[in-house]
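Chains, contacts and geometry: an overview
Read off the chains here:
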Amino acid sequence: MPVPGMKRESLIYVAGHRGMVGSAIVRRLQAEGFANLLLRTHAELDLTRQADVEDFFSEYRPDYVFLAAAKVGGILANDTQPAEFLRDNLAIQTNVIDAAYRNGTRKLLFLGSSCIYPKHASQPMREECLLTGSLEPTNEWYAVAKIAGLKMCQAYRRQYGFNAISAMPTNLYGPGDNFNLRSSHVLPALIRKFHEAKEHGDAEVELWGTGTPRREFLYVDDLAEASLFLMARYDEEIWINVGSGSDLTIHALAQAISAVVGFSGAIRLDPSKPDGTPRKLLDTSRLANLGWSSRIELSDGIRQTYGWFLKHRAGLRN
Ligand code: GFB
């Protein structure tokens, strides 16, 4: 996809390139022929350290920045590590957005999350419902940080004319996801649980909560494509939703994953675990009106993610 202004030789910094989202953006950029990519691992550059981030930006002065670095996790991680979700995300995004502005970055894309919207927002959720009600308590710390990030982009755009835009993706999944059962999101957790239950010949798999919450899922390669699309075509102050347009219950998701994995046992609910937001479906008409919509169906995405898991699980850390 041609990205106006973004030439093949432009220096593009993808913050968080080892993560699921950042690595998908790198794959997409490389597929589009962008070869001048600036990438740093966490060990090479700790984005929570302001002085290091300033030094890095003043040395390299990247033309474009995809800000995909964040502390992320599923419902349990969010609920049990509020300090880190708030502190690390505020630090990372503040340091990167400010350093990009100060060092002449031409455009920056900040990635947020659909959990910024109120817990009981009317569905599907339009961008305008931000801050019209209380947040979901299990992830309010992460949500507050992401709201601060999109507001920072707005403020820098308004006061300094810095071309910073924000995209709010729905629940993401795909290759490179986190499969650790205590910190992962539901989709990779269930792939692993069903797979291990099949391997061990277990009679049942445990599903947290009531199984009734509804979630929308977007394959990460679709998000990467949307990110390049927005870099090319979007220059508005308002953040923009990125979703697949349909949702399903967690119980239905579990059935779909169990079928892909080939687990024939039962699903047992554990209502002592939190449900979180009852429903999270984005209104994606703003993005659709610009001409972008997702392509990868959930069933295909689950199959591809399961394939990735099978190939890489020996190397997964935990
Ligand atoms: O994906 P998930 O952890 O996050 O959970 P959220 C979604 C739903 O799946 C919840 C249920 O209702 C969980 O209780 N669930 C069932 C499970 N079994 C499992 C399991 O084994 N593991 C997990 N993780 N969930 C996150 C936010 O919320 O969404 C983040 O915490 C972020 O801030 C992300 O915004 C997109 O969708 O509830």
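Turning our eyes to something else, we now look at unusual backbone geometry. Cis geometry marks the peptide bond from Gln123 to Pro124, where omega comes out at -10°. Despite not being glycine, Arg61 has its phi angle at roughly 45°, a positive value. Residue position: Arg61 is located in the loop between helix H2 (50-60) and strand E3 (64-67). Classification of Arg61 by relative accessible area gives partly exposed; the value is 45%. In this structure, Leu131 takes a positive phi of about 60° despite not being glycine. Its location among the elements puts Leu131 in the loop between strand E4 (107-111) and helix H5 (140-160). The exposure class assigned to Leu131 is exposed, which follows from its relative accessible area of 58%.

Let's shift gears to the side chain of Asp88. Checked against the element boundaries, Asp88 lands in helix H4 (residues 82-102). A polar contact is formed between the side chain of Asp88 and the side chain of Arg87, at a distance of 2.9 Å. Beyond its immediate sequence surroundings of up to four residues, Asp88 is in contact with Thr48, Lys71 and Ala83.

With that settled, consider the pairing of strand E8 (residues 214-219). The element E8 is largely enclosed, with a buried count of five among its six residues. Pairing of strand E6 (residues 171-173) with E8 involves three bridges; the strand directions are parallel. Bridging across to E8, Asn171 finds its partner in Phe217. Relative to strand E12 (residues 279-280), E8 runs parallel, the two being bridged by two bridges. Looking across to E12, one finds that Arg215 is bridged to Lys280.

Ranked by internal contacts, the top residues of the largest apolar core, which has 35 residues, are Tyr13, Leu47, Phe57, Ile97, Leu108 and Tyr117. Breaking this core down by element, the ones donating at least two residues are strand E1 (12-15), H2, E3, H4, E4, H5 and strand E5 (164-169). Contact partners of Leu47, with chain neighbours within four places excluded, come to Tyr13, Ala15, Val53, Ala69, Ala91, Ile92, Asn95 and Val96. Counting residues in hydrophobic clusters, the runner-up holds 33 residues, among them Leu109, Leu223, Tyr234 and Val242.

The interhelical angle for the contact between helix H1 (residues 20-31) and helix H7 (residues 220-233), taken along N-to-C directions, is 60°, at an axis separation of 8 Å. Relative to H7, H1 is oriented oblique. Taken as a pair, H1 and H7 cross one another with a handedness that is right-handed. Contacts from Met20, Val21, Ala24, Ile25, Arg27, Arg28 and Leu29 in H1 reach Val220, Asp221, Leu223, Ala224, Glu225, Ser227 and Leu228 in H7. Of the residues that constitute the contact of H1 with H7, the class distribution is nine nonpolar, one polar and four charged.

Next up on the list: the site of the ligand. Around the ligand sit 22 residues, and of these Ile75, Lys193, Arg215, Pro274 and Asp275 come closest. In the model, an oxygen atom of the ligand is placed 3.0 Å from a nitrogen or oxygen of the Asn78 side chain. Between a nitrogen atom of the ligand and a main-chain N or O atom of Trp208, the distance comes to 3.0 Å. Contact with the protein chains removes 98% of the 700 Å² of surface that the ligand exposes when unbound. Where the shell around the ligand is concerned, the elements lending two or more residues are helix H3 (75-80), helix H6 (186-200) and strand E7 (204-208). Top contributing element to the shell around the ligand by residue count: H6, with three residues.

The rules behind the values
- Residues numbered from 1 in each chain as written.
- Predicted model: local features only at pLDDT ≥ 70, side-chain atom pairs only at ≥ 80, totals over all residues.
- Heavy atoms only, no water.
- Helix = DSSP H or I, 4+ residues; strand = E, 2+ residues; numbered from the N terminus.
- Buried < 20%, exposed > 50% of the residue type's maximum accessible area, 1.4 Å probe, protein only.
- Polar contact = N/O pair within 3.5 Å; in protein donor to acceptor, adjacent residues only side chain to side chain.
- Contact = heavy atoms within 4.5 Å.
- Pairing = 2+ DSSP bridges.
- Core = buried A, V, L, I, M, F, W, Y, C linked by side-chain atoms within 4.5 Å.
- Axes fitted to C-alpha atoms, helices over the stretch in contact; angles between N-to-C directions.
- Parallel < 35°, antiparallel > 145°, perpendicular 65-115°, else oblique.
- Left-handed = near helix turned anticlockwise from the far one by under 90°.
- Nonpolar A, V, L, I, M, F, W, Y, C, P; charged D, E, K, R; others polar.
- Near = heavy atom within 4 Å.
- Areas by Shrake-Rupley, 256 points an atom, 1.4 Å probe, with all protein chains shown as cover.

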